[in-house]
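# Structural overview for review
Take a look at the letters that make up each chain.
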Amino acid sequence: MAYWNSLVGRTAAVAVLVVVVAGPARAEQFKDEKLGYQLSYPKGWLKRPVAVDERWIVGKFECDREYESTDKKTGMFDRFRPWMDVVVLPLDLAKQKKKATVESGPGGVITSRSEVKWTNLREYLEIRLQEVEPGGFYFSKEEEATVNGYKVQQYEITVEKLVAVPKRVYAWAYATDDAYFCLISEAQIPYEDKLKGDILGAFRSFKAFPRTGALPNAATTGEDITVLDGKPKTGAEADKERKDAFDRRLRRVQDSVSGDKEWITRESDNFTAISHADAKYTKSVLDHAEALRAWLDEQLGYVGRGKPGKILIRICKDNDEYSALQGTGGFWSSDRVEIVTYRDREGWSNNTMSQVNSGIYDIWLRDKDKDFSYKMPNWIDGGLQSMVRNAVSKGRKIEFRPDAWDRVSMARAGAEGKLVQAKSFFTMTSDELYKGEGYQQAPYFVQYLMLGGAQKQAKFKDIFRNYMVELTLAVEEDRRKEKEGRAVEPGEERKAPENEQEEEAQLKARQTDFRKGEREFLDKLVAKVFEGWTFAEWDKLTKSYWAEVK
């Protein structure tokens, strides 16, 4: 099923009629006090959460079952899950400039608004469908009607070329005093007779009433971006900025599920969970997260200069709810503080915990030091990420379990004489890492240095820590040069960033610069960490590592 991340219209010059459609059988009632609307959705359908970064979709409903069908002409098979979105388009969109705007805001904040691409439902449908329907579509119905005393634009769109099974999109736009409330759904044509009555019955049940909250995307709303003055932040300033980012995200997620008593909030020292799973499972996720956080603090707490902040973990009820949430927007941002996962009920719990593990590692490392996270050699970063992804907890103890396929691959590499030598990891560039065997083997070498055989030998036990300390010093030296107005690369200067977007772009530019001079950078690190090492010592380290992984 093709899904629209965000699915009112040019007023069609057609006859006005009154539509009479029976309401959905055994309908469920939904009411949104903040946005001021209510409707009935079909029995057996589920209310789904909406990503807090989604600008247009304010409500989502989804059938609790999948339908399967085969196109008689092509023989192509497909399955789909009926859904319905509620989209709000303020009437003043037509007055807003159709380009990004920047305005001064209170408290030293810039208010930035993304480009307005549509002002009505028809434009919205045209643009969204062009993004997700490569097979083509056409408006097969456009009518204006009066429903429950509201003027309503009604559309049906047929999608039948280059798709597995033809389908119909239904969309109505209710004109209220200051916004179009748009209801959008779809059904595969083989099931149209079965589903259309319930879908249009839900559409017809819509009613608006005075709202208690703000209208999304109105001219008075926008995205707040912190202004940066180019001066280094003190520890207290950085901590406050990070806490503010967490508090903003927490409020937005809590608002997005307010009114649904099945969502619970649970706290631990370093994490907050907003969960649609049961309390026992939610606690198990928090306990595991705390164990992994403690491991990161213990094993890598000396890198960087920042202080990791609190992390929000949102736990969906199941994979279907998680997928529906993904369909309404992403979860990543430059000030990322949230991880989204779900309660696995199909035997893939390792995959769901891998999401949690990776998210904790990424956010923790960026909090410690963004520059350091960008400049870490890829064999270490990739090795740590892969290792952490497979972390499991027993009580307060973290264990790392490579999957069976990786173990088989390592055994094959050993049998074929393709294991990478120890010195090669420390000296290979990113390009060399990805072209050869290094990328797949890096997690094993990192684990060997941090937790394995290297820790049992006096000569080798401090290698990883010493290397990371020297890398930290190198990152600080780069910062010092930039602070003094000298570029890392001769002849290049960079101005101080004025906002978070510029800061992020400059961090990525530094990473690019680092990759250009990567060979020289790595050679300097090796010379400092392994000063005086002989070939025999390198050979001993290699053989010790190989013996552990074969």
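Right above here is the structure, for reference.
These notes cover the structure that comes with them. (Residues numbered from 1 in each chain as written. Predicted model: local features only at pLDDT ≥ 70, side-chain atom pairs only at ≥ 80, totals over all residues. Heavy atoms only, no water.)

Along the protein, the regular secondary structure elements total 16 helices and 22 strands. Looking at the protein as a whole, 50% of its 550 residues are labelled buried. For the protein, the computed accessible surface area is about 26900 Å², with 49% contributed by carbon and sulfur atoms. (Helix = DSSP H or I, 4+ residues; strand = E, 2+ residues; numbered from the N terminus. Buried < 20%, exposed > 50% of the residue type's maximum accessible area, 1.4 Å probe, protein only. Areas by Shrake-Rupley, 256 points an atom, 1.4 Å probe, with all protein chains shown as cover.)

In this model, helix H13 (residues 463–483) (21 residues) spans 30 Å end to end at C-alpha, consistent with the 30 Å of a helix rising 1.5 Å per residue. Among all positions in H13, only Ile463, Phe464, Tyr467, Met468, Leu471, Thr472, Ala474, Val475, Asp478 and Arg479 are buried. (Expected span 1.5 Å × (residues − 1).)

What follows deals with the sheet that holds strand E17 (residues 264–267). Taken in spatial order, the 4 strands make up an open sheet running E17-E18-E19-E20, and their pairing is mixed. Every other strand in the sheet has two partners, leaving E17 and strand E20 (338–342) as the edge strands with one partner each. For this sheet, the mean angle separating the axes of adjacent strands, direction not counted, is 20 degrees. The strands touched by helix H3 (residues 235–256) within the sheet are E17, strand E18 (271–275), strand E19 (311–316) and E20, with E19 carrying the most contacts at an inclination of about 20 degrees. Lying over the sheet, helix H4 (residues 279–300) contacts E17, E18, E19 and E20, oriented at roughly 155 degrees with respect to E18. (Pairing = 2+ DSSP bridges. Axes fitted to C-alpha atoms, helices over the stretch in contact; angles between N-to-C directions. Contact = heavy atoms within 4.5 Å.)

Right, let's talk about unusual backbone geometry for a bit. Located in the positive-phi region is Asn148, a residue other than glycine, with phi close to 55 degrees. Within the secondary structure layout, Asn148 lies in the loop between strand E11 (138–147) and strand E12 (150–159). With a relative accessible area of 33%, Asn148 lands in the partly exposed category.

This paragraph deals with helix H16 (residues 535–549). With 15 residues, H16 extends 21 Å between its outermost C-alpha atoms, agreeing within 8% with the 21 Å of an ideal straight helix rising 1.5 Å per residue. Among the residues making up H16, those that are buried are Trp538, Leu541, Thr542, Ser544, Tyr545 and Val549. The buried side chains of H16 occupy one side of the element, clustering within an arc of 160 degrees when seen end-on. With respect to the buried face of H16, the exposed residues turned more than 90 degrees away are Phe535, Ala536, Lys540, Lys543 and Ala547. (Arc of directions from axis to C-beta.)

Before going further, it helps to examine the pairing of E20. In terms of burial, E20 is largely enclosed, as 5 of its 5 residues are buried. Along E20, one buried face is formed by Glu338, Val340 and Tyr342 and the opposite face, lined by Ile339 and Thr341, is buried too. Note that E19 and E20 share 5 bridges and pair parallel. Paired with Ile315 across the bridge in E20 is Thr341.

Quick look at the nonpolar core now. Ranked by internal contacts, the top residues of the largest apolar core, which has 70 residues, are Trp295, Met376, Trp379, Leu384, Phe426, Phe445 and Leu449. Counting residues per element, this core draws most heavily on H4, at 9 residues. Looking at this core, you find at least three residues from each of domain 2 (235–368) and domain 3 (381–550). Every residue in contact with Trp379, bar those within four places of it in the chain, is listed here: Phe425, Phe426, Leu433, Ala442, Phe445, Val446, Leu449 and Tyr467. Within the second largest apolar cluster, 33 residues are counted, among which are Leu35, Tyr37, Tyr67 and Phe181. (Core = buried A, V, L, I, M, F, W, Y, C linked by side-chain atoms within 4.5 Å. Domains from an automatic or database assignment.)

The final tally for this structure, using the stated rule, is 37 aromatic pairs. Taking 5.4 Å as the distance between ring centres and 75 degrees as the angle between the ring planes, the aromatic pair formed by Phe30 and Phe61 counts as edge-to-face. Here Phe30, found in strand E2 (residues 28–32), pairs with Phe61, found in strand E5 (residues 57–63); they are 31 residues apart in sequence, far enough to count as distant. Summarising the burial analysis for this pair, Phe30 and Phe61 share the class buried. The interplanar angle of 40 degrees and the centroid separation of 5.9 Å between the aromatic rings of Phe460 and Trp533 together place this pair among those described as tilted. (Phe/Tyr/Trp six-rings, centres within 6.5 Å; stacked < 30°, edge-to-face > 60°.)

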